[in-house]
Amino acid sequence: MSVNRILCANDAAAVEACGKRILELVAAARDANQRASLAISGGSSPKPMFDQMAAAKFDWTGVHVFFVDERCVPPTDSASNFKMAYEHLIGPAKIPDAQVHRMVGEIDPHESARQYAAELEAFFHETPPRFDVIHRGIGPDAHTASLFPGDPLIADRTGITAATFAAKFNQWRVTLLPAVLLAAKHTLVLAPGTDKTEALRHVFGETRDESSYPSQIGVNEGIDMTWYVTENV
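To keep things clear, this report deals only with the structure shown in the data block. (Residues numbered from 1 in each chain as written. Predicted model: local features only at pLDDT ≥ 70, side-chain atom pairs only at ≥ 80, totals over all residues. Heavy atoms only, no water.)

### Regarding the packing of helix H1 (residues 11-33) against helix H2 (residues 46-54)
Right, on to step 1. Between H1 and H2, the least distance of the axes is 9 Å, while the angle of their chain directions is 50 degrees. Classified by the angle their axes make, H1 and H2 are oblique. As for how H1 packs across H2, the hand of that crossing is right-handed. Of the residues in H2, those touching H1 at Val-15, Glu-16, Cys-18, Gly-19, Ile-22 and Leu-23 are Pro-48, Met-49, Gln-52 and Met-53.
Right, on to step 2. Residue composition of the contact of H1 with H2, by class: seven nonpolar, two polar and one charged. (Axes fitted to C-alpha atoms, helices over the stretch in contact; angles between N-to-C directions. Helix = DSSP H or I, 4+ residues; strand = E, 2+ residues; numbered from the N terminus. Parallel < 35°, antiparallel > 145°, perpendicular 65-115°, else oblique. Left-handed = near helix turned anticlockwise from the far one by under 90°. Contact = heavy atoms within 4.5 Å. Nonpolar A, V, L, I, M, F, W, Y, C, P; charged D, E, K, R; others polar.)

### Section: the pattern of salt bridges
Right, on to step 1. One pass over the structure, following the stated rule, counts 13 salt bridges.
Right, on to step 2. The residue Arg-30 makes a salt bridge to Asp-31 at a minimum N-O spacing of 3.3 Å.
Right, on to step 3. When the shortest N-O distance is used, the salt bridge between Glu-221 and Arg-208 registers 2.8 Å. Pair noted here: Glu-221 is in the loop between helix H6 (197-203) and strand E9 (225-229) and Arg-208 is in the loop between H6 and E9, with a separation of 13 residues, a long-range link. (Salt bridge = Lys/Arg side-chain N within 4 Å of Asp/Glu carboxyl O.)

### Section: unusual backbone geometry
For residues besides glycine, phi is generally negative; the peptide bonds are generally trans as well.
Right, on to step 1. Here the amide bond leading from Thr-127 into Pro-128 is cis, since omega sits at -5 degrees, within 30 degrees of zero.
Right, on to step 2. With respect to the element layout, Pro-128 can be found in the loop between helix H4 (109-124) and strand E5 (133-137).
Right, on to step 3. The phi angle at Lys-57 is positive, at roughly 55 degrees, despite the residue not being glycine.
Right, on to step 4. Along the chain, the position of Lys-57 falls in the loop between H2 and strand E3 (63-67).
Right, on to step 5. The exposure class assigned to Lys-57 is exposed, which follows from its relative accessible area of 81%. (Buried < 20%, exposed > 50% of the residue type's maximum accessible area, 1.4 Å probe, protein only.)

### Quick look at the pairing of E3
Right, on to step 1. Most of E3 sits out of view: five of its five residues are buried.
Right, on to step 2. On E3, burial covers both faces: Val-63, Val-65 and Phe-67 on one face and His-64 and Phe-66 on the other are all buried.
Right, on to step 3. Bridging between strand E2 (residues 36-40) and E3 involves five bridges; their strand directions are parallel. By the bridge assignment for E3, Ser-37 is matched with His-64.
Right, on to step 4. In this fold, the crossover linking E2 to E3 by way of H2 has right-handed handedness. (Pairing = 2+ DSSP bridges. Right-handed = clockwise from strand over helix to strand, strands pointing away.)

### Examining the packing of H2 against helix H3 (residues 81-93)
Right, on to step 1. Two elements in contact, H2 and H3, have axes separated by 8 Å at closest approach and are oriented at 10 degrees. Viewed along their axes, H2 and H3 adopt a mutual orientation that is roughly parallel. Contacts between H2 and H3 involve Pro-46, Lys-47, Phe-50, Asp-51, Met-53 and Ala-54 from the first element and Met-84, Ala-85, His-88, Leu-89, Pro-92 and Ala-93 from the second.
Right, on to step 2. When grouped by side-chain class, the residues that make up the contact of H2 with H3 number nine nonpolar, one polar and two charged.

### Here we look at the sheet that holds strand E6 (residues 161-166)
Right, on to step 1. Read across the sheet, three strands follow the order E4-E7-E6 without closing on themselves; strand pairing throughout is antiparallel. Every interior strand has two partners, whereas the edge strands, strand E4 (69-71) and E6, have only one. Across the sheet, the axes of successive neighbouring strands diverge by a mean angle of 20 degrees, strand direction being ignored.
Right, on to step 2. The strands touched by H4 within the sheet are E6 and strand E7 (171-176), with E6 carrying the most contacts at an inclination of about 150 degrees.

### What to know about the packing of aromatic side chains
Right, on to step 1. Evaluated as defined, the whole model comprises 12 aromatic pairs.
Right, on to step 2. For the pair Phe-66 and Tyr-116, a centre-to-centre distance of 6.5 Å together with 70 degrees between the ring planes defines the contact as edge-to-face. One end of the pair, Phe-66, is in strand E3; the other, Tyr-116, is in helix H4, with 50 residues separating them in the sequence.
Right, on to step 3. Residue classification places Phe-66 among the buried positions, given a relative accessible area of 0%.
Right, on to step 4. Classification of Tyr-116 by relative accessible area gives buried; the value is 2%.
Right, on to step 5. For the pair Phe-204 and Trp-227, a centre-to-centre distance of 4.9 Å together with 70 degrees between the ring planes defines the contact as edge-to-face. Of the two residues, Phe-204 is situated in the loop between H6 and E9 and Trp-227 in strand E9; the sequence distance between them amounts to 23 residues.
Right, on to step 6. Chaining the aromatic ring pairs together yields one cluster made of Phe-66, Tyr-116, Phe-123, Phe-124 and Phe-131.
Right, on to step 7. Sitting over the face of the ring of Phe-123, Arg-35 holds its NZ or CZ atom 3.7 Å from the ring centroid.
Right, on to step 8. Here the basic side chain of Arg-102 rests over the ring of Phe-82, its NZ or CZ set 5.7 Å away from the ring centre. (Phe/Tyr/Trp six-rings, centres within 6.5 Å; stacked < 30°, edge-to-face > 60°. Lys NZ or Arg CZ within 6 Å of the ring centre and 35° of its normal.)

Structure follows, in structure tokens:
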């Protein structure tokens with residue numbers, strides 16, 4: 001197991017390389033086990049990657065799509081991770097509804113987290129659930145999933161999902177917890193853009209401080225993790 005940093009020439013190259021590798025890994029998992037599990041992240045960075053993945057003429061048979069986190073809004077809201085993923089990946093790629101497992105953003109956040117944990121347990125039949133591939137992102141503040149600096153949930157190594165209040169956005173969210181992020185067979189982090197340079201320096205620095213830099217989760221813990229970056233940090 002190892003953490004790799006792939007330095008890409010620009011954002012477009014990072015998007016292309018990360019998306020291509022995700023498809024390779026889920027195809028291999030599906031070929032070996034008749035189905036594959038992929039957890040995707042939201043935000044703006046994955047949009048072009050999802051567009052390319054949807055246009056790749058990839059066979060999505062047996063590939064189940066889950067979400068790393070969700071904003072607590074209806075699926076029609078512009079802030080919804082599901083809405084973004086549906087418009088850029090799920091819809092264009094014609095992934096069947098039965099293979100898409102969304103976090104329900106329009107109900108009580110704690111109930112949504114409980115329901116998603118139950119859905120994951122029913123699908124994987126193991127705790128923590130072990131995704132074939134988790135796609136993660138990183139924010140300029142070094143957050144990942146919806147685990148923001150200072151959140152006590154960063155220290156939770158037993159839970160599966162949780163509701164958390166993102167004070168920075170005055171918004172409730174539902175997120176996968178570190179135990180699930182660490183259990184993935186493969187983790188790919190798309191981290192393009194100069195706005196993430198300072199965060200990346202801290203994430204790959206000598207000081208381990210996941211509470212301040214949640215994207216460090218997994219960096220020094222022996223998991224298979226690949227970062228697609230555009231800055232040589």
